[in-house]
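So the chains spell out like this:
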Amino acid sequence: MELQDLRNRIDALDDQLLGILNERMELVKKVGDLKRSSQSIIYRPEREKQILDRLEKRNDGLLTRQAIDAIFFEIFAVSRNLELPERVSYLGPEGSFTHQAAESRFGGMSEYLVLPTIHSVFESVETGRAKFGVVPIENNQEGIVIETVDFLREKNLSIVAEVLLQVHFTFASQSDSLKNIRRIYSKDIAFRQCGKFISEYLEGMDIELIPVESTSKAAKMAAQEPDSAAICSSISARLFGVPILYDNIEDSDQNRTRFLILAKDFVNIKSDDDKTTIIANLPNTNRPGVLYEFLKDFNDRGINLTKIESRPVRGTSTFRAWFLVEFLGHVDDAPVQEVMHKYGSHLKWLGSYIRVS
Ligand SMILES: C=C(O[C@@H]1C=C(C(=O)O)C=C[C@H]1O)C(=O)O
């Protein structure tokens, strides 16, 4: 078949797609009206997952699950904006991995508020300047993002969803030879994640490694200083017009970062694959066995713990700790309810949301 014939057929299918998408939007608008009259929440991650799972089962074409997710997350984001335009804040600057995580759920059409610190993202959601906020919580090679974990305890926001992103770093510079590079900008964590590249390629060279707040700030600096380079994401290198010299320079190709979407007073309906995050501020932690007994309460009820991070209780002279605890299941599950009731105000529920694996 000739190229023109193929393109004519693609045009005809696009016409159909456009018609079908508009028809879908008519229905979405009606759902939005119903939600508004009952003051219900617009964003329903469990419904979106249900749709994606159903489509994956039905699918017998070339599209992978990843491709179906990418296309439909954009459709959902456009739909939600039609129901009610939503402003989303994220830890910037533009081009950061958090930006990428935010766009993967809220699409290209949402209004974004780019903020300089994790604290300002929490604050923007608390004060209603943004409906949702996106922050990193952990990297699977480096561990937790302490600032996020501490604000989860201090502030009163709910976790709406988690997003997992594979992290790739690029080495970008306006200089076409490594010899002319005097400084490399990046985030401290990124320097550590690209240790092998740095020691292999830059061994013995007189180059200063300068940590900055974010990898996109690094790209911005490299755009301004021709004798410098940045270790950054490919989107930020492109955003600031810095040529990419080496791609995928991270030590581990398993490198993934987990982000949280936060909102005020958000409750997800139970799905068949949920995760729950709580803060545990256990009483009498100087008594032997308190933490053991707490963990045993989960084990006895068959609740699968996925994470426990301990953080210091500040402002006292003791070495007491509180814990960020995550487990599989929803807060409405009977065994989870039992544990929540047993410990009462010593536990703070942050959210039950769809687990991403
Ligand atoms: C239309 C709805 O609202 C939102 C948009 C969805 C969609 O486009 O299918 C699905 C879930 C919600 O996040 C709904 O709740 O059904």
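All of these numbers come straight from a predicted model, not from anything done at the bench.

## Some points on the nonpolar core
For step 1, the next point in the chain: Within the largest apolar cluster, 34 residues are counted, with the highest numbers of intra-cluster contacts made by Phe132, Val134, Phe171, Ile184, Ile231 and Ile261.
For step 2, the next point in the chain: Every element with two or more residues in this core is listed here: β1 (87–91), α4 (97–106), β3 (132–139), β5 (158–166), α7 (188–193), α8 (195–201), β9 (228–232) and β11 (256–263).
For step 3, the next point in the chain: Among the nonpolar cores identified, the runner-up in size contains 23 residues, and Leu91, Phe122, Ile137 and Leu260 belong to it.

## Here we look at the packing of aromatic side chains
For step 1, the next point in the chain: Scanning all chains against the criterion turns up 18 aromatic pairs.
For step 2, the next point in the chain: Between the aromatic rings of Tyr90 and Tyr112, the centroid separation amounts to 5.8 Å while the plane-to-plane angle is 70°, which identifies the pairing as edge-to-face. In this pair, Tyr90 sits in strand β1 while Tyr112 sits in strand β2 (residues 111–115), placing the two residues 22 residues apart along the sequence.
For step 3, the next point in the chain: For Tyr90, a relative accessible area of 1% corresponds to the buried category.
For step 4, the next point in the chain: Ring centres 6.3 Å apart and planes at 65° place the aromatic pair Phe132 and Phe266 in the edge-to-face group.

## Quick word on the pattern of salt bridges
For step 1, the next point in the chain: Considering all chains together, one arrives at 31 salt bridges under this definition.
For step 2, the next point in the chain: Here Arg65 makes a salt bridge to Glu56, at a shortest N to O gap of 2.8 Å.
For step 3, the next point in the chain: With a relative accessible area of 39%, Glu56 lands in the partly exposed category.
For step 4, the next point in the chain: Residue Asp69 is joined to Arg65 by a salt bridge in which the shortest nitrogen-to-oxygen separation is 2.8 Å. With Asp69 and Arg65 both in helix α3 (residues 65–83) and 4 residues apart, this pair spans about one turn of that helix.
For step 5, the next point in the chain: For Arg65, a relative accessible area of 24% gives the class partly exposed.
For step 6, the next point in the chain: In the salt-bridge network here, residues are joined through shared partners; they are Glu138, Glu162, Arg258, Lys275, Lys307, Glu309 and Glu326.

## Thoughts on the UniProt feature "domain: ACT" (unreviewed entry) in the protein
For step 1, the next point in the chain: If you check UniProt for "domain: ACT" (unreviewed entry), the listed places come out as residues 279–357 in our numbering.
For step 2, the next point in the chain: For residues 279–357, the end-to-end C-alpha separation is 22 Å, with 27% helix and 33% strand making up the annotated structure.

## Focus on the site of the ligand
For step 1, the next point in the chain: Arg24, Lys35, Arg44, Glu48 and Glu83 are the nearest of the 13 residues found near the ligand.
For step 2, the next point in the chain: Lys35 is positioned with one of its side-chain polar atoms (N or O) 2.7 Å from an oxygen atom of the ligand.
For step 3, the next point in the chain: Between an oxygen atom of the ligand and a side-chain N or O atom of Glu83, the distance comes to 2.7 Å.
For step 4, the next point in the chain: Calculation on the ligand without its partners gives an accessible area of 360 Å², and the protein chains cover 92% of this total.
For step 5, the next point in the chain: When contributions to the shell around the ligand are tallied by element, the ones reaching two or more residues are α1 (3–37), α2 (45–58) and α3.
For step 6, the next point in the chain: Per element, the largest residue contribution to the shell around the ligand is 4 residues, and it comes from α3.

## Side note on the sheet that holds strand β15 (residues 347–354)
For step 1, the next point in the chain: The 4 strands are arranged β13-β14-β12-β15 in an open sheet whose pairing can be described as antiparallel. Looking at which strands have only one partner, the edges of the open sheet turn out to be β13 (305–312) and β15. Geometrically, the sheet is characterised by an average inter-axis angle of 15° between neighbouring strands, direction not taken into account.
For step 2, the next point in the chain: In this structure, strand β12 (residues 274–280) lies alongside β15, joined through 7 bridges in antiparallel fashion. Across the sheet, the residue bridging to Lys275 is Tyr353, located in β15.
For step 3, the next point in the chain: This element, helix α11 (residues 290–300), spans β12, β13, β14 (321–328) and β15 of the sheet and lies at about 155° to β13.

Criteria and thresholds
Residues numbered from 1 in each chain as written. Predicted model: local features only at pLDDT ≥ 70, side-chain atom pairs only at ≥ 80, totals over all residues. Heavy atoms only, no water. Core = buried A, V, L, I, M, F, W, Y, C linked by side-chain atoms within 4.5 Å. Buried < 20%, exposed > 50% of the residue type's maximum accessible area, 1.4 Å probe, protein only. Helix = DSSP H or I, 4+ residues; strand = E, 2+ residues; numbered from the N terminus. Phe/Tyr/Trp six-rings, centres within 6.5 Å; stacked < 30°, edge-to-face > 60°. Salt bridge = Lys/Arg side-chain N within 4 Å of Asp/Glu carboxyl O. UniProt positions renumbered as here; feature names shortened; annotations may be inferred. Near = heavy atom within 4 Å. Polar contact = N/O pair within 3.5 Å; in protein donor to acceptor, adjacent residues only side chain to side chain. Areas by Shrake-Rupley, 256 points an atom, 1.4 Å probe, with all protein chains shown as cover. Pairing = 2+ DSSP bridges. Axes fitted to C-alpha atoms, helices over the stretch in contact; angles between N-to-C directions. Contact = heavy atoms within 4.5 Å.

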